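Examination of the molecular architecture
One letter stands for each residue in the lines below.
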Amino acid sequence: MATDMKVGFIGLGNVGGKLAGSLVRNGLDVTVHDLDADLVQSFVERGAKAGGSPAQMMQDCDAVITCLPSPAASDAVVSEMIPHVQPGKVWMEMSTTDVEEVKRLGALVAERGGEPVDCPVSGGCHRAGTGNISIYAGCERATFERILPILTTMGRRILHVGEIGNSSVLKVMTNYLANMNLLAVMEALTVMKACGMDLGMTFEAISMSSGTSFAHETESQLILSGSRDVNFTMDLVMKDIGLFQTLADRNNVPLELSPLMIEMMKDGQRRYGERAQSDRMIERLEEATGLSITAPGFPQELIDDEPEEPGYEVVVRRAAAE
């Protein structure tokens, strides 16, 4: 699925650089911007154009993507672009952000005739660089169909989730589940070690069972290798699980696991630092038991060995029309 749209990409950090790389690698017309001039230069050497500024990029491009570290950063960049938004211009927010904030900025874009899209990614940083990550897109259906070639270049599975803001709600939920699964896997591995089980065998037993999860299939490997570096820090976990708890509180849902997980993560931050890698939570159990939850043969970093293929829209199951 080809596109002749000119695409701007602002924010070439850990995830953004990988997503922008997929666009450049697949031959799209890409203009980039980042506060780090060396990152911009590295993309220019690979075939992208230097954007100059967010304002200039909104003037020059059909669609501008932002992938930034905080809502404050997104606000600063989008505020620069707003005066230059015209009918038909698209703003695509790929940062993990607060639902109310993305709706607020989206409304400002829409007021000027632009088309806002809330499209965060999920599926692990290692998949962002290979075009195999998943993307949620909250926007008008007509806008979704227009930008689908861009989304399918960056990601494998693309889900249209309705109005802007829905993506941010879903993304917070998935990060909540991933962290809950991760903490459960840590407890499972530690109990198996205490029972005298071989942890390499235990890893395979979980992987082939009803107890497996994305967190196990990825992060268990980094726990067992001793790397414990998944490119996701405890402060980011706290942000996401805090946002999920806020959603529950706002809608009067009495959660029990969520507050416990928040307390566990706070303890991890007290022990290892606010920005410690989230996989270091296993060390709480290692310290409590005196056991080493490691095994030979596991990688120091995650590699996505799934071949890159064109992405596709995931179709939501509905009741058959009468």
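What comes next concerns the included structure. (Residues numbered from 1 in each chain as written. Predicted model: local features only at pLDDT ≥ 70, side-chain atom pairs only at ≥ 80, totals over all residues. Heavy atoms only, no water.)

A word on the sheet that holds strand β4 (residues 63–66). Here we have six strands laid out as an open sheet, ordered β3-β2-β1-β4-β5-β6, and parallel in their pairing. The two strands at the open ends of the sheet, each matched to only one other strand, are β3 (49–50) and β6 (115–118). Pairing geometry for β4 and strand β5 (residues 90–93), over four bridges, is parallel. Paired with Thr 66 across the strands is Glu 93, a residue of β5. (Pairing = 2+ DSSP bridges. Helix = DSSP H or I, 4+ residues; strand = E, 2+ residues; numbered from the N terminus.)

Let us now look at the packing of helix α9 (residues 199–207) against helix α10 (residues 214–225). Axis separation between α9 and α10 bottoms out at 11 Å; the angle between their running directions is 175°. Put simply, α9 runs roughly antiparallel to α10. Only His 216, Glu 217, Ser 220, Gln 221 and Leu 224 of α10 make contact with α9, whose side of the interface consists of Leu 199, Phe 203, Ile 206 and Ser 207. (Axes fitted to C-alpha atoms, helices over the stretch in contact; angles between N-to-C directions. Parallel < 35°, antiparallel > 145°, perpendicular 65-115°, else oblique. Contact = heavy atoms within 4.5 Å.)

Counting residues in each nonpolar core, the largest one holds 35 residues, and the members touching the most others are Phe 9, Met 92, Ile 150, Leu 151 and Met 154. Every element with two or more residues in this core is listed here: β1 (6–10), α1 (16–25), β2 (29–33), α2 (37–45), β4, β5, β8 (133–137) and α7 (141–154). The element best represented in this core is α7, accounting for six residues. If we skip the residues at most four places from it in the chain, Ile 150 touches Thr 3, Met 5, Val 7, Leu 23, Leu 28, Ala 63, Ile 65 and Met 92. Formed by 31 residues, the second largest nonpolar core is a distinct cluster that contains Met 180, Leu 182, Ala 215 and Ile 262. (Core = buried A, V, L, I, M, F, W, Y, C linked by side-chain atoms within 4.5 Å. Buried < 20%, exposed > 50% of the residue type's maximum accessible area, 1.4 Å probe, protein only.)

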